[in-house]
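# Tertiary structure, described
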Amino acid sequence: MSFAPDPVEITARARADLRMGVPVVLGNALVLAAETLGAERLHALHALEGAPVLVLSERRAQTLKARCYDGDLARISIPEGANLRWIRALADPKDDLSVPMKGPLIAERGGDVDVHRAALALVKSAHLLPAAIVSPIPAASAFAANTRLTYVSLPAAQEVLKARSPLHPVVQARLPMEASEAGRLHIFRPDDGGEEHYAIEVGRPDRTRPVLSRLHSACFTGDVLGSLKCDCGPQLRAALAQMGAEGEGLFLYLNQEGRGIGLANKMRAYSLQDQGFDTVEANHRLGFEDDERDFRLGADILSSLGFSAVRLLTNNPRKVEMMRASGIEVTERVPLIVGENRHNAAYLAVKARKSGHLL
Ligand SMILES: Nc1nc2c(ncn2[C@@H]2O[C@H](COP(=O)(O)OP(=O)(O)OP(=O)(O)O)[C@@H](O)[C@H]2O)c(=O)[nH]1
Ligand SMILES: [Zn+2]
C-alpha cells in the first residue's frame, strides 16, 4: 500500500495546474494551456532549447486556415519572440473578425504526435480553450522533479483520458419541491476530482418498470437565471412538473454545462453568437465539437439506482442512442417542447437543422 497518487489522481493534479497556468510535464514534453499562460512563463519557455508548438484542434485550425497535417490536430510553430497576444489570438476566436489574418502560420508535419494529442485532451478536460503549448524537453521526469512540476507519463495520461471515472453515490436526502413533495436528491461523485452529478427521485418509482426520466445538462444561464437564449429552464420545470403529476420519475442533473465545454467557454460561444455565428459554428470556431457531452454517465447513474429501462423526456435522438448503447432500454421518447420565444427561436431551429433535434 502506497500513499503516492495513482495515475488518475496525478492527471487530476495536472488539470488543476494547467487551470492555474502552471506547466506540467507530460511524457517527454513541457505542456502549458494557451489560455492561462503568463508572460513570465512564456519568457522561460523561449529560453528552453526545444522548439515549442501551439497545438490546436482540427476545428480551430480550419477556422484559422492553418494546415492540419495530423488529422484531428495541428501543430503550429511558435516563432522565436512570439508574444502572449500572438498565442492568445490563435487560441481565442474573440477577435477573429477584427484581426482576420493571423499568419503566416507554419504547421509542423511528420513525427510522433501522441504527446500533442494527449496535451490537447488534457487541456480540454480542464475546460480551458482547446489550445496547448508543447515543448520537448530532455530528461523530462528529472526536469519535473527539479522544478517541482507535476509529471504524468504519456501512457498513464492516455489511459486516464480515455477512461471514464466510476461514479459513487455519496449521500441522499428527502427534498420536498414545488413539483412534488416526495422528492429525494442523490449526489454522485467521480474518483477523478471531476464534477459531481445529481439524481432527483420523485416518488418511489418501481425499479422493474420503465421510469419517466430526463437527462438534463446543466445550464446556469437557463436553469438559474431564466435566460431566454435557450429552452433549458422551461424544460427543467416542465419535466419535474410531469414527474410530479405522474407521482414518480427520475430527473438526472448532469454537470455538463455548455454541452460539456464549461460555462466560461459557453460564454465565449455566446459572445461569438453576438457576432453572428450560430450555436454550432460558435463551438467550432472555439475549437470544440458542437456537443462534447458524454451521456454514458447518465446510464451509470440509472444503473446505480437500479433502473434498466426509461421513458426518456427529450427531443434529442442522440440521447436515446447513447442510452441504448450504454445498455439502458428506452421504451419511449417523450417529447419536451416548451419555452420557445423570440430570442431562442433561431437557436432551436439550428439545433433541429444541424444537430438532429426533433421539434
Ligand atoms: N456550447 C453551447 N452550449 C449551450 C448553448 N446553449 C445551451 N447550451 C447548453 O446545452 C445544454 C442543453 O442542451 P440542449 O441541446 O438544449 O438539450 P439536449 O439536452 O441536448 O436535448 P433535450 O433533451 O431535447 O433538451 C446545456 O448544457 C446548456 O448549457 C450554446 O449556445 N452553446
Ligand atoms: Zn440552456
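Rules and cut-offs
Residues numbered from 1 in each chain as written. Chains lettered and ligands numbered in written order. Predicted model: local features only at pLDDT ≥ 70, side-chain atom pairs only at ≥ 80, totals over all residues. Heavy atoms only, no water. Helix = DSSP H or I, 4+ residues; strand = E, 2+ residues; numbered from the N terminus. Rg over C-alpha atoms; globule rule 2.2 N^0.38 Å. Buried < 20%, exposed > 50% of the residue type's maximum accessible area, 1.4 Å probe, protein only. Axes fitted to C-alpha atoms, helices over the stretch in contact; angles between N-to-C directions. Parallel < 35°, antiparallel > 145°, perpendicular 65-115°, else oblique. Contact = heavy atoms within 4.5 Å. Nonpolar A, V, L, I, M, F, W, Y, C, P; charged D, E, K, R; others polar. UniProt positions renumbered as here; feature names shortened; annotations may be inferred. 1 Å grid on protein atoms, 1.4 Å probe; cavity = no way out; pocket = protein on both sides within 12 Å on 5 of 7 lines; lining within 4 Å. Phe/Tyr/Trp six-rings, centres within 6.5 Å; stacked < 30°, edge-to-face > 60°. Lys NZ or Arg CZ within 6 Å of the ring centre and 35° of its normal. Near = heavy atom within 4 Å. Polar contact = N/O pair within 3.5 Å; in protein donor to acceptor, adjacent residues only side chain to side chain. Sits in = over half its atoms within 2 Å of the grid points.

Right, let's get into the overall build of the protein. For the protein, the helix and strand inventory stands at 15 helices and 13 strands. Computed over its C-alpha atoms, the radius of gyration of the protein comes to 22 Å, within 12% of the 21 Å expected for a compact globule of 359 residues. Viewed in the frame of its principal axes, the protein has a C-alpha envelope of about 65 × 55 × 30 Å. Put simply, the protein has 359 residues, and 48% of those count as buried.

Quick look at the packing of helix 12 (residues 279–286) against helix 15 (residues 345–354) now. Helix 15 packs onto helix 12 with a crossing angle of 75 degrees between their chain directions and a minimal axis gap of 8 Å. Taken as axis vectors, helix 12 and helix 15 run roughly perpendicular relative to one another. Contacts from Thr-279, Val-280 and Glu-281 of helix 12 reach helix 15 at Tyr-347, Val-350 and Lys-354. Each residue belonging to the contact of helix 12 with helix 15 can be placed in one class, and the counts come to three nonpolar, one polar and two charged.

What follows covers the UniProt feature "active site" (unreviewed entry) in the protein. UniProt's feature table lists "active site" (unreviewed entry) at Asp-291 and Arg-293, given in the numbering used throughout. Of the annotated set named above, Arg-293 line the largest pocket. Within the secondary structure layout, Asp-291 lies in the loop between helix 12 and helix 13 (296–304). Following the sequence through the fold, Arg-293 ends up in the loop between helix 12 and helix 13. With residues up to four places along the chain from it excluded, the contact list for Arg-293 reads Ser-217, Gln-256, Arg-259, Gly-260, Asn-316, Arg-318 and Lys-319.

Under the counting rule described, the total for this entry stands at one aromatic pair. Aromatic pair Tyr-198 and Tyr-253: ring centres 6.0 Å apart, planes at 15 degrees, arrangement stacked. Pair noted here: Tyr-198 is in strand 9 (residues 197–202) and Tyr-253 is in strand 11 (residues 249–254), with a separation of 55 residues, a long-range link. For Tyr-253, a relative accessible area of 14% gives the class buried. Looking at Lys-229, its charged tip hangs above the ring of Tyr-270, at a distance of 4.5 Å from the centre.

A word on the site of ligand 1. In the region of ligand 1, 25 residues are neighbours, and Arg-214, Arg-293, Thr-314, Lys-319 and Lys-351 sit closest. Between Gln-235 and ligand 1, the recorded distance is 2.9 Å, taken from a side-chain N or O atom to an oxygen atom. Residue Gln-273 places a side-chain N or O atom 2.8 Å away from an oxygen atom belonging to ligand 1. Under a 2 Å grid-point criterion requiring more than half of the atoms, the pocket assigned to ligand 1 is the second largest pocket.

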